Amino acid sequence: MWDKLIKNIHISSMAGSNDSATGNIKNAALGIKDGDIVYIGPESNLPKKPLDQLSNCIIDGEEGWALPGFIDCHTHLVYAGNRSGEFKARLDGASYEDIAKAGGGILATVKATRAASEEELIEQSLPRLQALIQSGVTTIEIKSGYGLTLEDEIKMLKAAIQLEATTGITVTTTLLAAHSIPPEYKDRADAYIDHICAEIIPAALEAECVDAVDAFCEGIAFSPEQVKRVFAYAKAEGLDVKLHADQLSDLGGGALAADYNALSADHIEYASLESIKAMAEKNTVATLLPGAFYNLKETQTPPVKHLREYGVPIALATDCNPGSSPVMNIQLMLHMGCTLFGLTVDEALLGITKNAALALGMDETHGSLEVGKVADINLFKITDPADLVYNIGGIEPQMTFKDGIQL
(Lines give C-alpha, C1' and ligand atoms only; values in the text may rest on other atoms or scores of the structure.)
Protein backbone atom coordinates (compact mmCIF):
# COMPACT_ATOMS: atom_id res chain seq x y z
CA MET A 1 0.00 0.00 0.00
CA TRP A 2 1.26 3.43 -0.97
CA ASP A 3 0.92 6.34 1.43
CA LYS A 4 -0.55 8.58 -1.29
CA LEU A 5 -1.72 8.33 -4.87
CA ILE A 6 -2.15 11.58 -6.80
CA LYS A 7 -4.30 10.89 -9.85
CA ASN A 8 -5.90 12.88 -12.65
CA ILE A 9 -2.85 15.09 -13.19
CA HIS A 10 -0.35 16.05 -15.81
CA ILE A 11 3.32 15.92 -14.84
CA SER A 12 6.32 18.03 -15.78
CA SER A 13 8.96 15.76 -14.30
CA MET A 14 12.11 17.70 -15.31
CA ALA A 15 13.61 14.30 -16.09
CA GLY A 16 13.26 14.37 -19.84
CA SER A 17 15.59 13.93 -22.80
CA ASN A 18 17.14 16.57 -25.00
CA ASP A 19 14.03 16.42 -27.19
CA SER A 20 11.71 17.08 -24.24
CA ALA A 21 13.84 18.37 -21.40
CA THR A 22 10.94 18.93 -19.01
CA GLY A 23 9.70 15.36 -19.36
CA ASN A 24 5.98 16.08 -19.63
CA ILE A 25 3.49 13.26 -19.05
CA LYS A 26 -0.18 13.85 -19.80
CA ASN A 27 -3.06 12.07 -18.00
CA ALA A 28 -0.71 10.81 -15.33
CA ALA A 29 -0.54 9.60 -11.76
CA LEU A 30 2.08 9.64 -9.03
CA GLY A 31 2.53 7.25 -6.11
CA ILE A 32 4.31 8.05 -2.83
CA LYS A 33 5.55 5.76 -0.07
CA ASP A 34 7.83 6.55 2.89
CA GLY A 35 8.52 10.02 1.51
CA ASP A 36 9.75 8.81 -1.89
CA ILE A 37 8.20 8.49 -5.33
CA VAL A 38 7.31 4.87 -6.12
CA TYR A 39 5.27 5.37 -9.28
CA ILE A 40 5.19 8.03 -11.96
CA GLY A 41 3.61 7.59 -15.34
CA PRO A 42 0.33 7.41 -17.25
CA GLU A 43 -2.67 6.75 -15.05
CA SER A 44 -3.67 4.02 -17.49
CA ASN A 45 -0.50 2.10 -16.54
CA LEU A 46 -1.36 1.84 -12.84
CA PRO A 47 -1.69 -1.71 -11.51
CA LYS A 48 -5.05 -3.17 -12.49
CA LYS A 49 -6.74 -3.16 -9.12
CA PRO A 50 -9.11 -0.80 -7.29
CA LEU A 51 -7.31 2.40 -6.35
CA ASP A 52 -8.19 2.02 -2.67
CA GLN A 53 -6.15 -1.18 -2.74
CA LEU A 54 -3.16 0.76 -4.04
CA SER A 55 -3.05 3.63 -1.58
CA ASN A 56 -4.27 4.70 1.82
CA CYS A 57 -4.85 8.24 0.52
CA ILE A 58 -6.10 9.11 -2.95
CA ILE A 59 -5.85 12.73 -4.11
CA ASP A 60 -7.66 14.02 -7.18
CA GLY A 61 -5.36 16.51 -8.89
CA GLU A 62 -8.28 17.90 -10.94
CA GLU A 63 -6.24 17.88 -14.17
CA GLY A 64 -3.62 20.18 -12.69
CA TRP A 65 0.11 20.03 -13.29
CA ALA A 66 2.63 18.46 -10.90
CA LEU A 67 6.21 19.77 -10.89
CA PRO A 68 9.15 19.10 -8.57
CA GLY A 69 9.35 21.19 -5.43
CA PHE A 70 11.26 24.34 -6.33
CA ILE A 71 14.84 24.81 -5.16
CA ASP A 72 16.26 28.23 -4.32
CA CYS A 73 19.96 27.47 -4.63
CA HIS A 74 21.45 30.89 -3.74
CA THR A 75 20.13 33.04 -0.89
CA HIS A 76 21.36 35.28 1.92
CA LEU A 77 18.03 34.93 3.68
CA VAL A 78 19.26 35.14 7.29
CA TYR A 79 20.09 38.72 8.27
CA ALA A 80 18.90 41.59 10.44
CA GLY A 81 18.00 45.15 9.59
CA ASN A 82 16.81 46.96 6.49
CA ARG A 83 18.60 48.73 3.63
CA SER A 84 15.81 50.48 1.79
CA GLY A 85 17.76 53.73 2.21
CA GLU A 86 20.46 52.37 -0.08
CA PHE A 87 17.83 51.61 -2.70
CA LYS A 88 16.85 55.26 -2.57
CA ALA A 89 20.53 56.29 -2.82
CA ARG A 90 21.00 54.17 -5.94
CA LEU A 91 17.93 55.79 -7.48
CA ASP A 92 19.58 59.13 -6.74
CA GLY A 93 22.68 58.05 -8.66
CA ALA A 94 24.99 56.26 -6.23
CA SER A 95 26.54 53.02 -7.47
CA TYR A 96 26.72 49.75 -5.53
CA GLU A 97 30.49 50.26 -5.21
CA ASP A 98 30.03 53.88 -4.01
CA ILE A 99 27.71 52.71 -1.25
CA ALA A 100 30.04 49.89 -0.21
CA LYS A 101 33.09 52.16 -0.05
CA ALA A 102 31.15 54.64 2.10
CA GLY A 103 30.55 51.99 4.76
CA GLY A 104 27.13 50.92 3.54
CA GLY A 105 26.29 47.83 1.60
CA ILE A 106 27.26 44.55 3.18
CA LEU A 107 28.84 46.19 6.21
CA ALA A 108 25.59 47.95 7.13
CA THR A 109 23.88 44.59 7.38
CA VAL A 110 26.89 43.21 9.25
CA LYS A 111 26.36 45.79 11.98
CA ALA A 112 22.67 44.92 12.38
CA THR A 113 23.26 41.17 12.21
CA ARG A 114 26.00 41.24 14.82
CA ALA A 115 23.65 43.09 17.18
CA ALA A 116 20.89 40.51 16.76
CA SER A 117 20.61 37.32 18.78
CA GLU A 118 20.10 33.97 17.10
CA GLU A 119 16.44 34.09 18.13
CA GLU A 120 16.04 37.58 16.66
CA LEU A 121 17.62 36.44 13.40
CA ILE A 122 15.15 33.56 13.21
CA GLU A 123 12.22 35.88 13.96
CA GLN A 124 13.22 38.37 11.25
CA SER A 125 14.12 35.72 8.66
CA LEU A 126 11.13 33.40 9.06
CA PRO A 127 8.63 35.61 7.13
CA ARG A 128 11.04 35.72 4.19
CA LEU A 129 11.30 31.93 4.15
CA GLN A 130 7.54 31.52 4.52
CA ALA A 131 7.01 33.77 1.49
CA LEU A 132 9.39 31.61 -0.56
CA ILE A 133 7.59 28.46 0.58
CA GLN A 134 4.30 29.98 -0.58
CA SER A 135 5.83 30.35 -4.05
CA GLY A 136 6.68 26.63 -4.12
CA VAL A 137 10.14 26.39 -2.55
CA THR A 138 10.78 23.09 -0.75
CA THR A 139 14.60 23.25 -0.62
CA ILE A 140 16.73 26.33 -0.01
CA GLU A 141 20.38 27.23 0.38
CA ILE A 142 21.10 29.85 3.06
CA LYS A 143 24.48 31.57 3.34
CA SER A 144 26.16 33.28 6.24
CA GLY A 145 28.34 36.30 5.45
CA TYR A 146 26.80 39.10 7.46
CA GLY A 147 28.62 38.27 10.69
CA LEU A 148 32.28 38.24 9.62
CA THR A 149 33.35 37.03 13.07
CA LEU A 150 33.59 33.44 14.18
CA GLU A 151 30.72 33.79 16.65
CA ASP A 152 28.40 35.68 14.32
CA GLU A 153 28.99 33.46 11.30
CA ILE A 154 28.18 30.38 13.39
CA LYS A 155 25.13 32.21 14.81
CA MET A 156 23.80 32.77 11.30
CA LEU A 157 24.33 29.16 10.24
CA LYS A 158 22.62 27.88 13.38
CA ALA A 159 19.70 30.21 12.74
CA ALA A 160 19.37 28.74 9.24
CA ILE A 161 19.28 25.23 10.68
CA GLN A 162 16.57 26.27 13.13
CA LEU A 163 14.53 27.63 10.23
CA GLU A 164 14.63 24.14 8.72
CA ALA A 165 13.30 22.69 11.95
CA THR A 166 10.58 25.35 12.13
CA THR A 167 9.29 25.06 8.56
CA GLY A 168 10.02 21.44 7.67
CA ILE A 169 11.64 22.23 4.34
CA THR A 170 15.22 21.29 3.46
CA VAL A 171 17.87 23.92 4.25
CA THR A 172 21.48 23.63 3.13
CA THR A 173 23.99 25.95 4.79
CA THR A 174 26.90 27.73 3.18
CA LEU A 175 29.68 29.51 5.05
CA LEU A 176 30.33 32.85 3.32
CA ALA A 177 32.79 34.36 5.78
CA ALA A 178 34.75 35.59 2.73
CA HIS A 179 31.90 37.94 1.80
CA SER A 180 33.49 41.24 2.76
CA ILE A 181 36.49 42.49 4.73
CA PRO A 182 35.28 43.20 8.27
CA PRO A 183 36.09 46.55 9.89
CA GLU A 184 38.48 44.87 12.32
CA TYR A 185 40.60 43.73 9.38
CA LYS A 186 40.55 46.94 7.35
CA ASP A 187 43.55 46.90 4.96
CA ARG A 188 44.42 43.40 6.27
CA ALA A 189 42.46 41.15 3.97
CA ASP A 190 45.14 38.45 3.95
CA ALA A 191 45.04 38.26 7.73
CA TYR A 192 41.28 37.82 7.61
CA ILE A 193 41.68 34.99 5.10
CA ASP A 194 44.09 33.38 7.58
CA HIS A 195 41.41 33.72 10.27
CA ILE A 196 38.76 32.12 8.05
CA CYS A 197 40.96 29.12 7.30
CA ALA A 198 42.51 28.66 10.73
CA GLU A 199 39.49 29.35 12.90
CA ILE A 200 36.10 30.02 11.28
CA ILE A 201 35.91 26.98 9.00
CA PRO A 202 37.13 24.58 11.72
CA ALA A 203 34.58 26.03 14.15
CA ALA A 204 31.75 25.58 11.63
CA LEU A 205 32.82 22.00 11.05
CA GLU A 206 32.97 21.30 14.76
CA ALA A 207 29.49 22.80 15.21
CA GLU A 208 28.22 20.65 12.32
CA CYS A 209 26.43 23.60 10.75
CA VAL A 210 28.10 23.91 7.34
CA ASP A 211 27.53 22.09 4.05
CA ALA A 212 29.62 24.24 1.71
CA VAL A 213 31.94 27.26 1.54
CA ASP A 214 31.47 30.31 -0.67
CA ALA A 215 33.45 33.49 -1.37
CA PHE A 216 32.93 36.83 -3.12
CA CYS A 217 35.64 37.20 -5.75
CA GLU A 218 35.54 40.85 -6.81
CA GLY A 219 37.52 44.06 -6.64
CA ILE A 220 35.45 45.29 -3.68
CA ALA A 221 35.87 41.97 -1.85
CA PHE A 222 38.55 39.27 -2.29
CA SER A 223 41.13 38.58 -4.98
CA PRO A 224 41.36 35.29 -6.87
CA GLU A 225 44.52 34.44 -4.92
CA GLN A 226 42.76 34.96 -1.59
CA VAL A 227 39.78 32.90 -2.70
CA LYS A 228 42.09 30.07 -3.76
CA ARG A 229 43.44 29.86 -0.21
CA VAL A 230 39.93 29.54 1.22
CA PHE A 231 38.93 26.96 -1.37
CA ALA A 232 42.06 24.89 -0.94
CA TYR A 233 41.44 24.67 2.79
CA ALA A 234 37.72 23.95 2.42
CA LYS A 235 38.30 21.20 -0.14
CA ALA A 236 40.98 19.63 2.06
CA GLU A 237 38.35 19.45 4.81
CA GLY A 238 35.91 17.71 2.48
CA LEU A 239 33.58 20.67 1.95
CA ASP A 240 31.94 21.60 -1.33
CA VAL A 241 32.68 25.09 -2.67
CA LYS A 242 30.83 27.65 -4.77
CA LEU A 243 31.68 31.18 -5.84
CA HIS A 244 30.23 34.64 -6.34
CA ALA A 245 32.01 35.06 -9.67
CA ASP A 246 32.41 37.74 -12.32
CA GLN A 247 29.45 39.83 -11.16
CA LEU A 248 30.97 43.29 -11.60
CA SER A 249 34.12 42.51 -13.58
CA ASP A 250 35.95 39.60 -15.16
CA LEU A 251 38.48 38.26 -12.66
CA GLY A 252 38.35 34.76 -14.11
CA GLY A 253 36.00 33.66 -11.35
CA GLY A 254 34.19 31.08 -13.46
CA ALA A 255 37.44 29.33 -14.35
CA LEU A 256 38.64 29.58 -10.74
CA ALA A 257 35.45 27.90 -9.56
CA ALA A 258 35.87 25.15 -12.12
CA ASP A 259 39.51 24.59 -11.08
CA TYR A 260 38.26 23.66 -7.61
CA ASN A 261 35.34 21.55 -8.92
CA ALA A 262 32.90 24.07 -7.47
CA LEU A 263 29.24 23.16 -7.46
CA SER A 264 28.42 26.50 -9.06
CA ALA A 265 29.68 29.88 -10.18
CA ASP A 266 27.02 32.49 -9.45
CA HIS A 267 26.13 35.81 -11.13
CA ILE A 268 28.78 35.51 -13.94
CA GLU A 269 27.59 38.55 -15.93
CA TYR A 270 31.19 39.26 -16.94
CA ALA A 271 32.42 35.66 -17.30
CA SER A 272 34.75 35.15 -20.23
CA LEU A 273 34.53 32.46 -22.87
CA GLU A 274 37.54 30.78 -21.24
CA SER A 275 35.65 30.60 -17.95
CA ILE A 276 32.58 29.17 -19.69
CA LYS A 277 34.66 26.45 -21.32
CA ALA A 278 36.26 25.58 -17.98
CA MET A 279 32.87 25.40 -16.28
CA ALA A 280 31.57 23.13 -19.04
CA GLU A 281 34.50 20.76 -18.60
CA LYS A 282 33.89 20.41 -14.85
CA ASN A 283 30.05 20.55 -15.08
CA THR A 284 30.06 23.61 -12.82
CA VAL A 285 26.56 25.07 -12.75
CA ALA A 286 26.01 28.68 -13.81
CA THR A 287 23.58 30.13 -11.27
CA LEU A 288 21.97 33.26 -12.70
CA LEU A 289 20.49 35.86 -10.37
CA PRO A 290 18.16 38.19 -12.28
CA GLY A 291 16.86 39.86 -9.11
CA ALA A 292 20.26 41.41 -8.36
CA PHE A 293 20.79 42.28 -12.02
CA TYR A 294 17.44 44.07 -12.13
CA ASN A 295 17.72 45.83 -8.78
CA LEU A 296 21.25 47.11 -9.43
CA LYS A 297 20.16 48.27 -12.91
CA GLU A 298 22.99 46.36 -14.53
CA THR A 299 23.37 46.27 -18.29
CA GLN A 300 25.87 43.43 -18.78
CA THR A 301 23.83 40.24 -19.14
CA PRO A 302 25.25 36.77 -18.45
CA PRO A 303 26.69 34.99 -21.51
CA VAL A 304 23.69 32.71 -21.98
CA LYS A 305 24.54 32.02 -25.63
CA HIS A 306 27.91 30.57 -24.66
CA LEU A 307 26.44 28.67 -21.72
CA ARG A 308 24.08 26.97 -24.15
CA GLU A 309 26.79 26.43 -26.75
CA TYR A 310 29.07 24.60 -24.32
CA GLY A 311 26.34 22.81 -22.38
CA VAL A 312 26.82 24.50 -19.01
CA PRO A 313 23.83 23.74 -16.73
CA ILE A 314 21.89 26.93 -15.91
CA ALA A 315 20.21 27.45 -12.54
CA LEU A 316 18.11 30.39 -11.34
CA ALA A 317 17.82 31.67 -7.77
CA THR A 318 16.40 34.63 -5.88
CA ASP A 319 19.68 35.77 -4.25
CA CYS A 320 17.34 36.90 -1.46
CA ASN A 321 19.36 39.54 0.39
CA PRO A 322 18.82 43.01 1.89
CA GLY A 323 21.02 45.00 -0.47
CA SER A 324 20.87 43.91 -4.07
CA SER A 325 17.98 41.44 -4.32
CA PRO A 326 15.19 41.68 -1.72
CA VAL A 327 13.23 38.99 -3.59
CA MET A 328 10.97 36.49 -1.83
CA ASN A 329 9.33 34.76 -4.81
CA ILE A 330 11.16 32.06 -6.74
CA GLN A 331 8.60 32.15 -9.57
CA LEU A 332 9.38 35.80 -10.24
CA MET A 333 12.86 34.60 -11.21
CA LEU A 334 11.31 32.40 -13.91
CA HIS A 335 9.76 35.42 -15.61
CA MET A 336 12.81 37.64 -15.15
CA GLY A 337 15.22 34.94 -16.32
CA CYS A 338 13.32 34.79 -19.59
CA THR A 339 12.62 38.49 -20.12
CA LEU A 340 15.98 39.85 -18.91
CA PHE A 341 18.41 37.05 -19.85
CA GLY A 342 16.64 35.42 -22.79
CA LEU A 343 16.09 31.99 -21.28
CA THR A 344 13.45 29.72 -22.75
CA VAL A 345 10.51 28.55 -20.65
CA ASP A 346 12.06 25.09 -20.35
CA GLU A 347 15.45 26.51 -19.34
CA ALA A 348 13.83 28.65 -16.65
CA LEU A 349 11.83 25.75 -15.19
CA LEU A 350 14.89 23.49 -15.19
CA GLY A 351 16.74 26.36 -13.51
CA ILE A 352 14.70 26.13 -10.30
CA THR A 353 14.40 22.33 -10.29
CA LYS A 354 16.87 19.91 -11.87
CA ASN A 355 19.78 22.32 -12.35
CA ALA A 356 19.22 24.01 -8.99
CA ALA A 357 19.56 20.58 -7.36
CA LEU A 358 22.80 20.08 -9.28
CA ALA A 359 24.04 23.45 -7.97
CA LEU A 360 23.60 22.12 -4.42
CA GLY A 361 25.01 18.65 -5.10
CA MET A 362 21.55 17.16 -4.46
CA ASP A 363 20.66 15.99 -7.95
CA GLU A 364 20.58 12.29 -7.04
CA THR A 365 17.65 12.83 -4.68
CA HIS A 366 16.01 16.16 -5.59
CA GLY A 367 15.13 18.37 -8.53
CA SER A 368 13.03 16.00 -10.65
CA LEU A 369 10.06 13.68 -10.28
CA GLU A 370 11.45 10.16 -10.71
CA VAL A 371 10.98 6.83 -8.99
CA GLY A 372 13.33 6.67 -6.00
CA LYS A 373 13.64 10.42 -5.56
CA VAL A 374 12.11 12.33 -2.65
CA ALA A 375 8.47 13.26 -3.05
CA ASP A 376 8.88 17.04 -3.11
CA ILE A 377 6.01 18.09 -5.34
CA ASN A 378 4.11 21.23 -6.31
CA LEU A 379 0.62 20.81 -7.73
CA PHE A 380 -0.71 23.77 -9.73
CA LYS A 381 -4.14 24.46 -11.16
CA ILE A 382 -2.81 25.62 -14.54
CA THR A 383 -3.28 24.67 -18.18
CA ASP A 384 0.43 24.50 -19.02
CA PRO A 385 3.74 24.85 -17.09
CA ALA A 386 4.45 27.94 -19.19
CA ASP A 387 1.75 29.68 -17.14
CA LEU A 388 4.22 29.82 -14.21
CA VAL A 389 6.69 31.78 -16.33
CA TYR A 390 4.14 33.93 -18.14
CA ASN A 391 2.47 35.23 -14.98
CA ILE A 392 4.69 37.87 -13.38
CA GLY A 393 5.19 36.64 -9.85
CA GLY A 394 3.81 33.22 -10.68
CA ILE A 395 0.89 31.27 -9.23
CA GLU A 396 0.63 29.87 -5.71
CA PRO A 397 0.60 26.05 -5.67
CA GLN A 398 -2.71 24.34 -5.06
CA MET A 399 -0.80 21.82 -2.92
CA THR A 400 2.83 21.37 -1.94
CA PHE A 401 4.29 18.12 -0.64
CA LYS A 402 7.60 17.87 1.19
CA ASP A 403 8.94 14.33 1.60
CA GLY A 404 5.45 13.16 0.69
CA ILE A 405 3.74 15.21 3.42
CA GLN A 406 1.47 18.09 2.46
CA LEU A 407 2.71 21.43 3.78
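- An unreviewed UniProt entry lists the protein under the name Imidazolonepropionase, with Temperatibacter marinus as the source organism.
- Heading Pathway (unreviewed entry) of the UniProt record for the protein holds this comment: "Amino-acid degradation; L-histidine degradation into L-glutamate; N-formimidoyl-L-glutamate from L-histidine: step 3/3."
- The record held by UniProt for the protein lists under Catalytic activity (unreviewed entry) the comment "4-imidazolone-5-propanoate + H2O = N-formimidoyl-L-glutamate".

Things to note about the environment of Ala221
- Among the secondary structure elements, Ala221 is positioned in the loop between β8 (212–217) and α7 (224–236).
- Separated by 98 residues in the primary sequence, Ala221 and Asp319 place their C-alpha atoms 18 Å from one another.
- Residue contacts for Ala221: discarding those within four places in its chain leaves His179, Ile181 and Phe216.

Examining the sheet that holds strand β14 (residues 377–380)
- Taken together, the 7 strands give an open sheet; going across it, the order is β3-β2-β1-β4-β14-β15-β16, and neighbouring strands pair in mixed fashion. Looking at which strands have only one partner, the edges of the open sheet turn out to be β3 (36–42) and β16 (405–406).

Notes on the UniProt feature "binding site: N-formimidoyl-L-glutamate" (unreviewed entry) in the protein
- With numbering aligned to this structure, UniProt lists the feature "binding site: N-formimidoyl-L-glutamate" (unreviewed entry) at Tyr146, Asn321 and Gly323. Judged by maximum C-alpha separation, these annotated positions cover 178 residues in sequence but sit close together in space, the widest gap being only 11.4 Å. Lining the largest cavity, from the residues just named, are Tyr146, Asn321 and Gly323.
- Structurally, Asn321 can be placed in the loop between β13 (314–316) and α12 (330–341).
- Judged by relative accessible area, which is 5%, Asn321 ranks as buried.
- Apart from the residues lying within four places of it in its own chain, the contact partners of Asn321 are His76, Tyr79, Tyr146 and Pro326.
- Engagement of the side chain of Asn321 in a polar contact is seen with the backbone oxygen of Asp319, the distance being 2.6 Å.
- For Gly323, the position within the fold is in the loop between β13 and α12.
- Note on Gly323: relative accessible area 4%, which makes it buried.

What to know about empty space enclosed by the protein
- Throughout the structure, instances matching the rule amount to 2 cavities of 30 Å³ or more.
- Reported here for the largest cavity is a volume of approximately 130 Å³.
- Forming the walls of the largest cavity are 15 residues, and the residues nearest its centre are His76, Tyr96, His179, Asn321 and Ser324.
- Per-class residue counts for the lining of the largest cavity are 4 nonpolar, 9 polar and 2 charged.
- By volume, the second largest cavity amounts to about 60 Å³.
- Residue lining of the second largest cavity: Pro68, Gly69, Ile71, Thr138, Thr139, Thr365, His366, Gly367, Ser368, Lys373, Val374 and Asp376, and that is the complete set.
- Taken together, the residues of the lining of the second largest cavity break down into 3 nonpolar, 7 polar and 2 charged.

A word on the packing of aromatic side chains
- With the rule as written, the count across this model stands at 7 aromatic pairs.
- Seen in terms of ring centroids, Trp2 and Tyr39 are 6.0 Å apart; in terms of plane orientation they differ by 15°. Their pairing is stacked. Taken together, the positions of Trp2 in the segment before β1 (4–12) and Tyr39 in strand β3 put the pair 37 residues apart, joining distant regions of the chain. Comparing Trp2 with Tyr39, the two get one shared label, buried.
- Note on Phe70 and Phe380: the rings are 5.9 Å apart at their centroids and 25° apart in plane angle, and the pair reads as stacked. Taken together, the residues Phe70 in strand β5 (residues 70–72) and Phe380 in strand β14 connect sequence positions 310 residues apart. The pair Phe70 / Phe380 is uniform in exposure class, with both members buried.

Looking at the pairing of strand β2 (residues 24–33)
- Note that β1 and β2 share 6 bridges and pair antiparallel. Within the sheet, the bridge partner assigned to Ile11 lies in β2 and is Ile25.
- Pairing of β2 with β3 involves 6 bridges; the strand directions are antiparallel. Bridge pairing in β3 links Ile32 to Ile37.
- The antiparallel hairpin formed by β2 and β3 contains 2 residues in its connecting segment, where Asp34 sits at a positive phi of about 55°.

A few points about the UniProt feature "binding site: 4-imidazolone-5-propanoate" (unreviewed entry) in the protein
- Residues annotated by UniProt as "binding site: 4-imidazolone-5-propanoate" (unreviewed entry) correspond here to Arg83, Tyr146, His179, Gln247 and Ser324. From the list above, the largest cavity is lined by Arg83, Tyr146, His179, Gln247 and Ser324.
- Residue contacts for Arg83: discarding those within four places in its chain leaves Tyr96, Gly105, Ile106, Ala108, Thr109, Tyr146, Pro322 and Gly323.
- In this fold, Gln247 is placed in the loop between β10 (243–245) and α8 (253–259).
- Gln247 gets classed as buried once you look at its relative accessible area, which sits at 7%.
- When near neighbours in sequence (up to four residues on either side) are disregarded, Gln247 contacts Phe216, Glu218, His267, Glu269, Tyr270 and Leu296.

Definitions and cut-offs
Residues numbered from 1 in each chain as written. Predicted model: local features only at pLDDT ≥ 70, side-chain atom pairs only at ≥ 80, totals over all residues. Heavy atoms only, no water. UniProt positions renumbered as here; feature names shortened; annotations may be inferred. Helix = DSSP H or I, 4+ residues; strand = E, 2+ residues; numbered from the N terminus. Contact = heavy atoms within 4.5 Å. Pairing = 2+ DSSP bridges. 1 Å grid on protein atoms, 1.4 Å probe; cavity = no way out; pocket = protein on both sides within 12 Å on 5 of 7 lines; lining within 4 Å. Buried < 20%, exposed > 50% of the residue type's maximum accessible area, 1.4 Å probe, protein only. Polar contact = N/O pair within 3.5 Å; in protein donor to acceptor, adjacent residues only side chain to side chain. Points joined across faces, edges and corners; volume = space filled by probe spheres on them. Nonpolar A, V, L, I, M, F, W, Y, C, P; charged D, E, K, R; others polar. Phe/Tyr/Trp six-rings, centres within 6.5 Å; stacked < 30°, edge-to-face > 60°.

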